Amino acid sequence: MDSPIIEIKDLVTTYYGNTVIKGLSTNFYHNQFTVILGPNGSGKTTLLKSILGLCNIASGEVKVFGEKVHKWKYKIRRRIAYVSQVENIDPRLPITIEESVLLGRAGVRGLGKPYTKNDRELVTQILERLGIAHLREKPIGKVSGGERQKASIARALVQEAPIILMDEPTASLDPNAQLEILSIINNLKELHKNTTIYVTHELAELPEKCDRIIMLKDGNIWRDGNPEELLNEDLLLELYGGSDFCCRDRLKHH
Amino acid sequence: MFSFLEIPGYLIKPLTAGFLTGISCSLVGVFIVTTHLSFLGICIAHSAFTGALLGIWLNFNPTLGALIFSLIASAIVGPLADRGELSPDTSTGIVFSTMLGLAFLIIGLIPGSKSSAMNLFWGNILTVSYTDILLLAIVTIFLIGIFTFLYKEIQAVLCHRNIAIAVGIPSALIFYLMLIATGVSIAVSLQTVGGLLIYSLLLNPSASAYQLTYKFKTMILLSISFGVMSCWGGIWVSYKFNLPTGACIILTSSIIFILCSIFSPKKDKKFKDQNND
Ligand SMILES: Nc1ncnc2c1ncn2[C@@H]1O[C@H](COP(=O)(O)OP(=O)(O)OP(=O)(O)O)[C@@H](O)[C@H]1O
Ligand SMILES: [Mg+2]
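Residues numbered from 1 in each chain as written. Chains lettered and ligands numbered in written order. Predicted model: local features only at pLDDT ≥ 70, side-chain atom pairs only at ≥ 80, totals over all residues. Heavy atoms only, no water.

Visitor: Where do I start with helix α11 (residues 245-262) of chain B in this structure?
Guide: All names here are of chain B. If you check α11, its first and last C-alpha atoms are 26 Å apart, about what 18 residues at 1.5 Å a residue would give, namely 26 Å. Taken together, the buried positions of α11 are T245, G246, C248, I249, I250, T252, S253, I256 and C260. Of the surrounding secondary structure, the elements contacted by the buried residues of α11 are α5 (115-122), α9 (171-212) and α10 (216-241). (Helix = DSSP H or I, 4+ residues; strand = E, 2+ residues; numbered from the N terminus. Expected span 1.5 Å × (residues − 1). Buried < 20%, exposed > 50% of the residue type's maximum accessible area, 1.4 Å probe, protein only. Contact = heavy atoms within 4.5 Å.)

Structure (structure tokens):
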């Protein structure tokens, strides 16, 4: 394989002195679609945030395109699109859905440069594709949680970044929207050969382009391999540590 | 009401100062109110006040003192607010009360007449000098420049810190730039409008605008208009009825705020949202 796009070495991440990621090492490559699975609190979100440089890295390092990430290094982040798990937005904020999606172009455009016609067309296309074009003039606080989630996915997509991090992007979407998002993401990989990291709990709806699965447990990688090896009941039962109700039915499709 | 011919000559300078202060304070107010950092704004304003007092006591330019102290306060409280996870209120409160203590200490230490110190509480927009107006003009133009040039970046930071960070905007840089802008515009307005008046000019116009619109551009324009309206309305009322100017400006801005809250389209909406979440 060629040189890694994201390198993580002995990463230890803490929140207020509480260690969450405990010495994790791995690499992510060009044109690789990784799905991260793991129980609540296993550190999935924290791992994504560490790649963005948003967590307190106690030791070890994260490099993206060979450069160490850091809170102040914003230029690297233009090349990483991120859909966060939750966005607690003040419903009174003065910003419309369209403007909030346009923000995805803000970093790419550069400091102080206005959006171009091209940016707006791109936004319109994606809004239409996700079925929220009719909401473009609505304030961001006035739409439903799922619609806001679509806007946040749209924002990440218009960024056209080589790296896409998605933290349970389909968690609050209806089945139709879930399929649409999955097909967009699958397409993206085909077209742009992105490095994609996708966190999910939806075992039945894993993206078909997925070529690697990482199972996180208690702040470290527990299993790492291709879907054929890892997607079996026994492993999943052990991963989530529950009674068998959790995984049996959901895996039927695979 | 206000036909230009009726304005007595000595009101021209105060009206100009009111115009500039109205614009600059309500512009930084937009930042403070949408990021819910009102208390931080008040803390910075108070530190500026303490710095100006120090200038009076030690015989250097009070505006310079105000500038230095408001920047110090931003440097202390900014990183705490920038974390975005913990509410910065406690630490802001500590800085605020320390500055308050310092202010009273310095007032006690100033020898002789304390009238110049007391003037800082209320400012004196009627005796504003050309130098003050020049400074105000420079800062106002600088702020309008920032808001025009960095419009989308500021909007991103206001919208959500994590969004700004994720799309690759120098969020921390913008945040500190806005804090510095807040400090600077407070410092240059202090002598004119006073340490107490400045709170209301920072918060009321933008809070009023926040009640009325969901459009960022409209909010900025409304906020500026409310700021200027408060200053001009206050000066006019105080001139007509021979009342203290500072108090009239504060009350005008409060009346605008009350009216906006009454007619706010966001009122019942907020209640619904609380049920949803
Ligand atoms: N903001 C925070 N402050 C303090 N501790 C946190 C914070 N966020 C996460 N943690 C800690 O880090 C651990 C891992 O959290 P993380 O959000 O990475 O889990 P996750 O795998 O994304 O879980 P989920 O499936 O619920 O999204 C949590 O158990 C929690 O103790
Ligand atoms: Mg999570």
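From this point, things continue past the structure.
Visitor: Would you take a moment to explain the coordination of the magnesium ion (ligand 2) for this structure?
Guide: Note on metal geometry: ideal angles are 109.5 degrees for four donors arranged tetrahedrally and 90 or 180 degrees for six donors arranged octahedrally. Residues and elements named next belong to chain A. Each protein donor to the magnesium ion (ligand 2) is listed here as T45 (OG1) and Q85 (OE1); together their distances run 1.9 to 2.1 Å. With T45 in helix α1 (residues 44-52) and Q85 in the loop between β6 (80-83) and α3 (97-109), the pair connects residues that are 40 residues apart, well separated along the chain. Judged by its relative accessible area of 35%, Q85 falls in the partly exposed class. (Donors = N, O, S within 2.8 Å, 3.2 Å for Na, K, Ca; no water.)

Visitor: How should the pairing of strand β3 (residues 33-37) of chain A be read in this particular structure?
Guide: Put simply, side chains in a regular strand alternate between the two faces of the sheet. Residue and element names in this part refer to chain A. Within β3, 5 of the 5 residues are buried, which leaves it mostly tucked inside the rest of the structure. Residues F33, V35 and L37 of β3 are buried on one face, and the alternating residues T34 and I36, pointing to the opposite face, are buried as well. Of the strand pairs in this sheet, β3 and strand β8 (residues 195-199) are connected by 4 bridges, and their pairing is parallel. Along β8, the bridge assignment pairs V35 with Y198. Examined bridge by bridge, β3 and strand β9 (residues 212-217) share 4 bridges and lie parallel to one another. Bridging from a neighbouring strand, I36 pairs with I214 of β9. (Pairing = 2+ DSSP bridges.)

Visitor: I tried to follow the sheet that holds strand β5 (residues 67-68) of chain A on my own but got confused; where do I start?
Guide: Consider a sheet: its strands pair through backbone hydrogen bonds, and that pairing is either parallel or antiparallel. Residue and element names in this part refer to chain A. An order of β2-β1-β4-β5 is seen for the 4 strands of this open sheet, with the pairing classed as antiparallel. Edge strands, defined here as strands with exactly one partner in the open sheet, are β2 (18-28) and β5. For strand β1 (residues 6-15) and strand β4 (residues 56-64), the ladder comprises 7 bridges, and the chain directions are antiparallel. Considered in β4, the bridge of I6 is made with V64.

Visitor: When you look at the nonpolar core in this model, what are you seeing that I'm missing?
Guide: In terms of nonpolar packing, the biggest core is built from 139 residues, with L37 and I213 of chain A together with L53 and I154 of chain B touching the most fellow members. Here the element with the most residues in this core is α9 of chain B; it accounts for 20 residues. Other than its neighbours up to four places away in sequence, I213 of chain A contacts V35, L37, L206, R223, D224, G225, P227, L230 and L231 of chain A. Grouped together as the second largest cluster of nonpolar side chains are 26 residues, L24, I36, I80 and I163 of chain A included. (Core = buried A, V, L, I, M, F, W, Y, C linked by side-chain atoms within 4.5 Å.)

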